[in-house]
Amino acid sequence: MAPRKKEPESPFFDLPLLTLRDAVVFPRMVVPLFIGRPPSVAAVEKAYEEGSPLFLCAQKDASEETPKASGLYRVGTAAKIVNILRLPDMSMKVVVEGMARGRVRVFRLGSLPYMVSVEKIVSPTPHGKDLEGLMRAVLHQFEEYVRLTQRIAPEVFLTIQAMSDPDLFADTVCAFLFINAEERQELLECIDVTRRLEKLSVLLAREIELAEIEYRVRNRVREQMERGQREHYLQEQMRVIQQELGSREDGGNEFTELRDLLDKAGMPKEVKAKADREFQRYERLPLMSPESAVLRGYLEWLCDMPWSKSTRDSIDLNKASEVLDADHFGLEKVKERILEFLAVRKLNKKGKGPILCLVGPPGVGKTSLGQSIARAMGRVFVRVSLGGIRDEAEIRGHRRTYVGAMPGRLIQSIKDAGVKNPLFMLDEVDKMNVDFRGDPSSALLEALDPEQNKHFSDHYLEVGFDLSEVFFITTANSEYNIPFPLQDRMEMVRLPGYTHEEKAQIARLFLIPRQVASSGLKPRDVAFTDDGLNTLIQRYTREAGVRELERAVASLCRKTARKIVDRDKAGLGPLDTARIVQLLGPPPYAEVTAETESETGVAIGLAWTQAGGETLRVETSLMPGKGGLMLTGQLGEVMKESATAAFSYIRANAMRWRINPGFYKNQDLHVHVPEGAIPKDGPSAGLAMLVSLLSALTETAPAPGLAMTGEITLRGKVLPVGGVKEKVLAARRAGIQTIVLPRENEKDFPDLPAEVRDNMHFVLVSTVDQALETVFPPARPAVKRRAGARQSHKK
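Thresholds, definitions, all that
- Residues numbered from 1 in each chain as written.
- Predicted model: local features only at pLDDT ≥ 70, side-chain atom pairs only at ≥ 80, totals over all residues.
- Heavy atoms only, no water.
- Buried < 20%, exposed > 50% of the residue type's maximum accessible area, 1.4 Å probe, protein only.
- Helix = DSSP H or I, 4+ residues; strand = E, 2+ residues; numbered from the N terminus.
- Arc of directions from axis to C-beta.
- Salt bridge = Lys/Arg side-chain N within 4 Å of Asp/Glu carboxyl O.
- Pairing = 2+ DSSP bridges.
- Right-handed = clockwise from strand over helix to strand, strands pointing away.
- Contact = heavy atoms within 4.5 Å.
- Axes fitted to C-alpha atoms, helices over the stretch in contact; angles between N-to-C directions.
- Phe/Tyr/Trp six-rings, centres within 6.5 Å; stacked < 30°, edge-to-face > 60°.
- Lys NZ or Arg CZ within 6 Å of the ring centre and 35° of its normal.
- pLDDT = per-residue confidence, 0-100.
- Core = buried A, V, L, I, M, F, W, Y, C linked by side-chain atoms within 4.5 Å.
- 1 Å grid on protein atoms, 1.4 Å probe; cavity = no way out; pocket = protein on both sides within 12 Å on 5 of 7 lines; lining within 4 Å.
- Points joined across faces, edges and corners; volume = space filled by probe spheres on them.
- Nonpolar A, V, L, I, M, F, W, Y, C, P; charged D, E, K, R; others polar.

Overview of helix H15 (residues 409-417)
Spacing of three or four residues puts side chains on the same side of an α-helix, whose turn is 3.6 residues.
Okay, so step 1: Among the residues of H15, those classed as buried are Leu 410, Ile 411, Ser 413, Ile 414 and Ala 417. Seen along its axis, H15 keeps its buried residues to an arc of 165°; they face one direction.
Okay, so step 2: In the segment just after H15, Gly 418 is the residue with positive phi, at about 80°.

Written out as structure tokens, the structure reads:
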């Protein structure tokens, strides 16, 4: 929007006044101005309506909202309005073009708009070689200034280079110079062109020097970023500027505190040297640098590690024995091994700590046993669960090059313990997995090897940590799932399942008091009868440990608490069989006599699982066919081979049992092991499969209440098997009183509980014929016997 009247060409006298804050407008300079103060708005509106120029005058103090005459410079610039834009907040954007310098004679600030009486200042136009040389010098300086600052378009320099008028040349260079308002006002008040150019040259020289420093700062920051440090640009610029000034605020308190922690950490000599080198790097880095935070975290980890802190072992064997007996019932072999370790420790305090591996089914007290050992020894207990770990870095840690890197679980747990000799339990060591991220079990080899763990290397710490004083205990449900190199570094201590009598004692001594206290009851509120407790163990649980039994006890306690709160006295009383069935519902497990019934084609085998021993029903049916042998029940390859071996043995010796030698030509045999959803494998069911097949073919039922286990050969030999104790306890839980075992397993009898040896009947056999003499009733048709006889043991 252009003015509506033509500007006057006569000398300026009375003009509207527009005061400027932190701004100076030079002649022939076009600038936008944002105005909002009432006097300024009134001056613009008057000049626009009359088509007259404005007089632009700078304030001496930019903070003054309403300046007085004494607060305004008298030399200013007359300017014409090029365009006006009214904004929604009642302010204006005005584009003005400077016309000429002027000097104020009189300020009239009494009413709006402000007016001034101005006389026009005419600049003399000198000529000569001195002036031309001065213009060239200023032009070269301005060119260097444009190149260094990179804030002025190159086209501006080309435009100025073509100017020949000294006054226009000087004012244009002044307009594009980034200096403060006071210095711009001084240039405006320089009427003489030569003096103005000289002053301009001095200012350009100063600005060029500052621009060179800024240019060096930018280059140094760029070089450091290209070397991979990638610092934030503003922080780096600040750091370099501080270096240029020769000073830096170091945050001395923070560095002093960290240095004191390093000195008091008690590190070994080589670790202290590493920490000192990293601390020196940390001091040289800017405090806001990402790498500085990583280094500080690393140094804090070094300070927090218990390099020299340890606890003193309690070597009182009597006290240790009392603690172990108070916390756990039974487990004599394990307790004996712990007391042996303490005895050796008392005689040789510098001896290396053993690596014990407690192997047993779930719920037998492996983890709680570790806590009791720590309490007996007076050591700090640390537990790390390794179940499901797939990444080697979980054990050894991540290298510091990774974002968010941390030490492995071993070092983290040692730091949390606060001592270098805790009792360290590695739980579920048999449940680690292997994938593309590495093998965690291999990473444990160094930690669990007494010859190597004195200098255990964690990827994050990058220095060795002494684990030789740590008492490592690992737990597992199955030793077969532990890699052999790891097994070789551990001493296996096997915890078998509990007998019925042991479960009853554990329930009365530990489980019932604990659940009664947990439910807020009193001991008299929950009173189990012997019959009720036996029912709870036999018909509501079927396990090697006592976890399911404790859950059943907890359920009875909760139901009793509910009746007490409801004041239901009729529902209270001794917990006998009838009340337990009433509270818990029908028993999930049948009477134990179910396994003692005898059926044709059915044999009771014994199997070992991670949950303890189990009885195994092997069923065989005959049907018309062409001699096929079908095997079902999710059997493993070894178990299928055992069935094939039994079938071949029967075919080879059919005449001895008065079986038609061609029975396989017109009959199919189907061998099934129930509970088909559960995988089964192993050679120990070979004898049971042979008995099941032979029972079906001869239509003779095996003796009732009898179970068997043993691997068979094609020559009729019965070979030894493992897991005898767990299998015998499983047979006892099922109510079986007679067990057929390989003769070579007689060595396992000392491991059996005394009540089991005294109340069960064991038959040791070396051949299939000896086993069949016991398995089948005496009334069966006689067969030709081979050399050797069975041996019956009443243990």
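There's plenty left to go through after this.
A few points about the pattern of salt bridges
Okay, so step 1: Considering all chains together, one arrives at 39 salt bridges under this definition.
Okay, so step 2: One salt bridge in this structure joins Glu 469 and Lys 420, with 3.4 Å as the shortest N-O distance. On the criterion of sequence distance, the pair formed by Glu 469 in the loop between strand E11 (464-465) and strand E12 (471-476) and Lys 420 in the loop between H15 and strand E9 (423-427) is long-range, its members being 49 residues apart.
Okay, so step 3: Look at Lys 420 and you get buried, because its relative accessible area is 17%.

Side note on the pairing of strand E16 (residues 629-632)
Okay, so step 1: By the bridge criterion, 4 bridges tie E16 to strand E17 (residues 667-672) in an arrangement that is parallel. By the bridge assignment, Met 630 is partnered in E17 with His 670.
Okay, so step 2: Handedness of the β-α-β unit built from E16, helix H22 (residues 637-652) and E17 comes out left-handed.

Some words on the environment of Leu 536
Okay, so step 1: Along the chain, the position of Leu 536 falls in helix H19 (residues 530-539).
Okay, so step 2: Along the chain, Leu 536 and Ile 580 lie 44 residues apart, while their C-alpha atoms are 7.6 Å from each other.
Okay, so step 3: Leaving out residues up to four positions away in the same chain, Leu 536 has contacts with Phe 528, Thr 541, Leu 549, Ala 552, Val 553, Leu 556, Ile 580 and Leu 584.

Looking at helix H11 (residues 317-327)
Okay, so step 1: Buried residues of H11: Ala 320, Val 323 and Leu 324, and no others. The arc that holds the buried residues of H11, viewed along the axis, is 95°, so those residues lie on one side. When the buried face of H11 is taken as reference, the exposed residues oriented beyond 90 degrees from it are Asn 318 and Glu 322.
Okay, so step 2: Looking at the buried residues of H11, the elements they touch are helix H12 (332-347) and helix H13 (366-377).

Observations regarding the sheet that holds E12
Okay, so step 1: Read from one edge to the other, the open sheet built from 5 strands follows the order E8-E9-E12-E7-E13, with strand pairing classed as parallel. Edge positions in the sheet fall to strand E8 (381-385) and strand E13 (491-494), since each has one partner strand and no second. Sheet twist, expressed as the mean angle between neighbouring strand axes with direction ignored, is 25°.
Okay, so step 2: Two elements, strand E7 (residues 355-359) and E13, share 4 bridges in a ladder whose sense is parallel. Bridging across to E13, Leu 358 finds its partner in Val 493.
Okay, so step 3: Sheet strands touched by H13: E7, E8, E9 and E12. Its angle to E9, the strand with the most contacts, is close to 175°.

Section: the packing of aromatic side chains
One pair of aromatic rings is described through two measures. These are the centre distance and the angle between the planes.
Okay, so step 1: Applying the stated criterion across every chain yields a total of 7 aromatic pairs.
Okay, so step 2: When the ring of Tyr 298 is compared with that of Tyr 460, the centres are 5.9 Å apart and the planes differ by 65°; the resulting orientation is edge-to-face. Highlighted residues: Tyr 298 in helix H10 (residues 290-304) and Tyr 460 in the loop between strand E10 (456-457) and E11, separated in sequence by 162 residues. Across this residue pair, the class does not change: Tyr 298 and Tyr 460 are buried.
Okay, so step 3: Each member of the aromatic cluster is reached from another via a ring pair, and the members are Tyr 298, Trp 301 and Tyr 460.
Okay, so step 4: Directly above the aromatic system of Trp 301 lies the positively charged group of Lys 415, at a separation of 4.8 Å from the ring centroid.

Structural notes on the confidence of the model for the protein
Okay, so step 1: Confidence along the protein averages 80 in pLDDT terms, with 88% of residues attaining 70 or more.
Okay, so step 2: Across residues 1-8, where pLDDT falls below 50, the model places 19 contacts with residues more than four positions away in sequence or in other chains.

Brief notes about the nonpolar core
Generally speaking, soluble globular proteins have nonpolar side chains that are buried together.
Okay, so step 1: Formed by 57 residues in total, the largest nonpolar core has its most connected members in Val 44, Phe 142, Phe 169, Leu 197 and Leu 200.
Okay, so step 2: No other element matches helix H2 (residues 129-149), which puts 9 residues into this core.
Okay, so step 3: In contact with Leu 200, other than residues within four places in its own chain, are Val 138, Ala 170, Val 173, Cys 174, Leu 177 and Leu 187.
Okay, so step 4: Membership of the second largest hydrophobic core comes to 54 residues, among which are Leu 302, Val 359, Ile 389 and Met 432.

A word on the layout of surface pockets
Okay, so step 1: In this structure, the second largest pocket spans a volume of roughly 490 Å³.
Okay, so step 2: Lining the second largest pocket are 24 residues; nearest its centre among them are Gly 363, Gly 365, Ser 368, Arg 514 and Val 546.
Okay, so step 3: Here the element with the most residues in the lining of the second largest pocket is helix H18 (residues 500-518); it accounts for 4 residues.
Okay, so step 4: Of the residues assigned to the lining of the second largest pocket, the class counts are 9 nonpolar, 7 polar and 8 charged.

Here's the deal with unusual backbone geometry
A negative phi angle is the norm for most residues apart from glycine, just as the trans form is the norm for most peptide bonds.
Okay, so step 1: With an omega of -5°, the peptide bond running from Leu 112 to Pro 113 counts as cis.
Okay, so step 2: With phi around 55°, Asp 22 is a residue other than glycine that occupies positive phi space.
Okay, so step 3: By the secondary structure assignment, Asp 22 is in the loop between strand E1 (14-20) and strand E2 (30-35).
Okay, so step 4: Given the relative accessible area of 63%, Asp 22 is considered exposed.
Okay, so step 5: Here the phi dihedral of Glu 428 falls at roughly 55°; this positive angle occurs in a residue that is not glycine.

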